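In case you want the letters, here they are:
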Amino acid sequence: TALQSTIMPRSDSIDFDLEVTDYSHLDDYGDYNQGSIKVDGSYLTNSNYLQTSLSLNTIYVESLLGLLKEVLDEKTSASLDGLRGLVSGFVFSGDAYLSTDLKSLSYNVPYLVLANTKKDNQVLMLAVNGNEQSLQVNNFYLVYNTFALDATASLDSMPDSSDKFFTVDLLSSSIPY
């Protein structure tokens, strides 16, 4: 595992990046299957505006559990051991973007993929965006063996009201709901 970080103060902004690289998994050819997590962004000091991005590239869920075990107490850490076999072979890849002026927030996850590298037909794909007043699930696609589910959804809040509106479209086994 490797860690690299940079913080660059400037006259009107603070730019930053952080990259963590995971070398703990070998591919079928005996080469390291390099996973990485990268966060970068900029904070504009005059306007209190923050924009940042997160990129996940072949992050093994098993590696994330290993990191959690390092920071959790012994009892909680031991309880994660049973999950290792369940998540072995599952990897995350995806991108996320966030921007805020510390009064409002907007986010976009154009794609997030969770896939099993050891078994076929086990994948989840997700695309989401929104802000403090709305949430859009542009794509939710789940395949688990012979089961497939495709969905889109939205949730909208009316400003200055407790009213909320939602829509959901589901498609399972070629049947729309």
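About the thresholds
- Residues numbered from 1 in each chain as written.
- Predicted model: local features only at pLDDT ≥ 70, side-chain atom pairs only at ≥ 80, totals over all residues.
- Heavy atoms only, no water.
- Helix = DSSP H or I, 4+ residues; strand = E, 2+ residues; numbered from the N terminus.
- Rg over C-alpha atoms; globule rule 2.2 N^0.38 Å.
- Buried < 20%, exposed > 50% of the residue type's maximum accessible area, 1.4 Å probe, protein only.
- Contact = heavy atoms within 4.5 Å.
- Areas by Shrake-Rupley, 256 points an atom, 1.4 Å probe, with all protein chains shown as cover.
- Lys, Arg positive; Asp, Glu negative; His and termini not counted.
- Charge placed at Lys NZ, Arg CZ, Asp CG, Glu CD.
- Salt bridge = Lys/Arg side-chain N within 4 Å of Asp/Glu carboxyl O.
- Patch = residues over 30% accessible without salt bridge, like charges linked within 9 Å, V, L, I, M, F, W, Y side chains within 5 Å.

1. Some remarks on the overall build of the protein chain
Inference 1: Within the protein chain, the secondary structure is distributed over three helices and 11 strands.
Inference 2: Order of helices (α) and strands (β) in the protein chain, N terminus to C terminus: β-β-β-β-α-α-α-β-β-β-β-β-β-β.
Inference 3: Computed over its C-alpha atoms, the radius of gyration of the protein chain comes to 20 Å, more than 25% above the 16 Å expected for a compact globule of 177 residues.
Inference 4: Expressed as lengths along the three principal axes of its C-alpha atoms, the size of the protein chain is roughly 50 × 50 × 35 Å.
Inference 5: Counting over 177 residues, the protein chain shows a buried share of 27%.
Inference 6: A sequence separation of at least 24 residues applies to 33% of the contacts in the protein chain between residues at least 6 apart.
Inference 7: Put simply, the protein chain shows about 11,700 Å² of open surface, and 57% of that area lies on carbon and sulfur atoms.
Inference 8: Charged side chains of the protein chain number 9 positive and 23 negative; the gap between the two group centres comes to 6 Å.

2. Digging into the pattern of salt bridges
Inference 1: A complete count under the given rule lists three salt bridges for this structure.
Inference 2: In this structure, Glu 62 and Arg 84 form a salt bridge, with 3.8 Å as the shortest nitrogen-oxygen distance. Of this pair, Glu 62 sits in helix H1 (residues 61-71) while Arg 84 sits in helix H3 (residues 81-87), placing them 22 residues apart in sequence.
Inference 3: Note that Lys 69 is salt-bridged to Asp 81, the shortest N-O span being 2.2 Å. In this pair, Lys 69 is assigned in helix H1 and Asp 81 in helix H3, connecting sequence segments 12 residues apart.
Inference 4: Among the residues examined, Asp 81 registers a relative accessible area of 41% and is labelled partly exposed.

3. Here's the deal with unusual backbone geometry
Inference 1: Despite not being glycine, Asn 48 has its phi angle at roughly 55 degrees, a positive value.
Inference 2: Residue position: Asn 48 is located in the loop between strand S3 (35-44) and strand S4 (49-60).
Inference 3: Under the relative-accessibility criterion, Asn 48 is labelled partly exposed at 33%.
Inference 4: The backbone of Asp 160 shows a phi angle near 55 degrees, a positive value even though the residue is not glycine.
Inference 5: Inspection of the secondary structure puts Asp 160 in the loop between strand S9 (147-157) and strand S10 (164-172).
Inference 6: Given a relative accessible area of 87%, Asp 160 falls into the exposed group.

4. Details of H1
Inference 1: For H1, the full list of buried residues reads Val 61, Glu 62, Ser 63, Leu 65 and Gly 66.
Inference 2: Elements in contact with the buried residues of H1: strand S2 (13-22), S4, H3, strand S5 (90-100) and strand S6 (105-116).

5. Regarding the side chain of Ser 134
Inference 1: Along the chain, the position of Ser 134 falls in strand S8 (residues 134-144).
Inference 2: Ignoring sequence-local partners within four residues, the contact set of Ser 134 consists of Tyr 107, Asn 129, Leu 155 and Asp 156.

6. Let's talk about the side chain of Ser 77
Inference 1: Here Ser 77 lies in helix H2 (residues 74-79).
Inference 2: In this view, Ser 77 contacts Lys 69 and Leu 72; residues no more than four positions away in its chain are not counted.

7. What about a nonpolar patch on the surface?
Inference 1: Taken together, the side chains of Leu 135, Leu 155, Phe 166, Val 168, Leu 170, Ile 175 and Tyr 177 make up a nonpolar region of the molecular surface, amounting to roughly 670 Å² of accessible area.
Inference 2: When residues of the nonpolar patch are assigned to their parent elements, the largest contribution, three residues, is made by S10.
Inference 3: On the secondary structure map, Leu 170 appears in strand S10.

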